[in-house]
Amino acid sequence: MEYVTVQGEEVPALGLGTWRLTGQDCREAVETALELGYRHIDTAQAYGNERQVGEAIAASDVDREDVFVTTKLGAGAREYDDAVRATEESLAKLRTEYVDLLLIHWPNGRFPGSSIPMPGSGVPHGETLDAMNTLVDRGKVRHVGVSNFDVDLLDEARSLSEAPILTDQVQFHPYWDQSELLDYCAIHDVMLTAYSPLAHGGVLDDPELADVGRRYGKTAAQVALRWVIQHDNVCTIPKATSREHLEQNLDVFDFELTDAEMDRVAQPSKLRTLSGFVRARLSG
């Protein structure tokens with residue numbers, strides 16, 4: 001395992017994402033991941049699986065302090081009292097006295113270029129961050145952060161929070177350019193946490209990535225994961241359920257892409273991103 005060092009904290013560069021994992025499938029995936037060596041687990045109140053994540057961590061042979069656990073505040077937990085209450089409930093479900101990282105899951109506002117509202121709320125970010133800072137002071141939360149914030153919103157969040165913003169969790173993969181956000185994070189010592197690093201499965205049959213992978217005996221998916229974590233100040237949280245895929249995702253630390261290969265893998269395309277998302281939804 002490699003680590004991202006940000007603001008003095010060492011965060012495992014590759015963790016397990018649990019979006020759309022529920023019930024026994026979620027518990028078994030987390031248990032298997034911890035057995036294989038994963039030490040970074042990401043969940044959220046909106047996922048409805050914090051209880052299963054907590055059960056898996058409690059049942060493992062891994063000490064709690066050796067696992068970096070992230071959860072996120074849902075849209076109904078943005079007012080000060082609601083954020084504190086919801087976090088306490090999350091801690092109970094996760095069977096832990098603290099979480100390593102608490103995020104605002106979605107910002108207020110609308111998706112860029114559309115009238116579609118983001119799944120945030122009308123509560124000012126400052127009020128939610130005040131509650132999160134209180135939880136840090138009480139020892140319930142070690143670090144705070146945000147998710148799906150663009151550069152302007154991240155800059156605002158940093159100015160509103162007494163505790164440093166450790167990360168911005170966003171979509172990032174070879175088809176989705178995050179250059180502006182990466183530059184900002186590098187300047188201000190903020191980690192970018194990449195979700196959907198495999199473009200919702202879109203990279204799996206990518207011929208360019210497969211060709212790069214043949215040189216190292218790696219799959220297209222492994223090349224995509226290596227590409228993501230090879231960026232400075234970036235960790236990633238791919239979702240997987242089978243032991244085979246969990247093992248493959250973890251097997252990306254024994255090779256390094258050249259600068260030319262990094263450029264070759266990057267293929268910004270909103271169409272490919274959308275295609276992967278739709279295909280993943282249709283396949284369940």
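Bear in mind that the values here come from a model prediction, so they are computed numbers and not experimental data.

Here strand β6 (residues 99–104) lies mainly inside the structure; six of its six residues are buried. Pairing of strand β5 (residues 68–73) with β6, which is carried by four bridges, proceeds in the parallel orientation. Within the sheet, the bridge partner assigned to K72 lies in β6 and is L103. Sheet analysis places β6 next to strand β7 (residues 141–147), joined by five bridges and oriented parallel. Within β7, the position partnered with L101 by the bridge is H143.

Strands sit in the order β3-β4-β5-β6-β7-β8-β9-β10 across an open sheet of eight strands; the sheet is parallel. Here the strands that pair on one side only, and so sit at the sheet edges, are β3 (16–17) and β10 (234–236).

As a further point, take the pattern of salt bridges. Following the criterion strictly, the structure yields 17 salt bridges and no others. A salt bridge links R142 to D100; its shortest N-O distance comes to 2.9 Å. A residue pair is termed long-range when its members are at least 10 positions apart, and R142 in strand β7 and D100 in strand β6 qualify at 42 residues. Residues joined in a network through salt bridges with shared partners are E9, R64, D100 and R142.

All right, on to the packing of aromatic side chains then. By the definition in use, this model includes two aromatic pairs. On the basis of an interplanar angle of 40 degrees and a centroid distance of 5.1 Å, the ring pair of F172 and W227 is categorised as tilted. In this pair, F172 sits in the loop between β8 (165–171) and α6 (179–188) while W227 sits in helix α8 (residues 220–229), placing the two residues 55 residues apart along the sequence. Exposure class is identical for F172 and W227. Each is buried. When the centroid spacing of 5.1 Å and the interplanar angle of 40 degrees are considered together, the rings of Y216 and F255 count as tilted. A residue pair is termed long-range when its members are at least 10 positions apart, and Y216 in the loop between α7 (207–214) and α8 and F255 in the loop between α9 (243–250) and α10 (259–265) qualify at 39 residues.

Another point: the nonpolar core. One finds V30, L154, F172 and L192 to be the most contacted residues of the largest nonpolar core, which totals 71 residues. For this core, the element with the most residues is α8, which contributes eight residues. Among the nonpolar cores identified, the runner-up in size contains 10 residues, and V11, F68, L101 and M191 belong to it.

Rules and cut-offs
- Residues numbered from 1 in each chain as written.
- Predicted model: local features only at pLDDT ≥ 70, side-chain atom pairs only at ≥ 80, totals over all residues.
- Heavy atoms only, no water.
- Buried < 20%, exposed > 50% of the residue type's maximum accessible area, 1.4 Å probe, protein only.
- Helix = DSSP H or I, 4+ residues; strand = E, 2+ residues; numbered from the N terminus.
- Pairing = 2+ DSSP bridges.
- Salt bridge = Lys/Arg side-chain N within 4 Å of Asp/Glu carboxyl O.
- Phe/Tyr/Trp six-rings, centres within 6.5 Å; stacked < 30°, edge-to-face > 60°.
- Core = buried A, V, L, I, M, F, W, Y, C linked by side-chain atoms within 4.5 Å.

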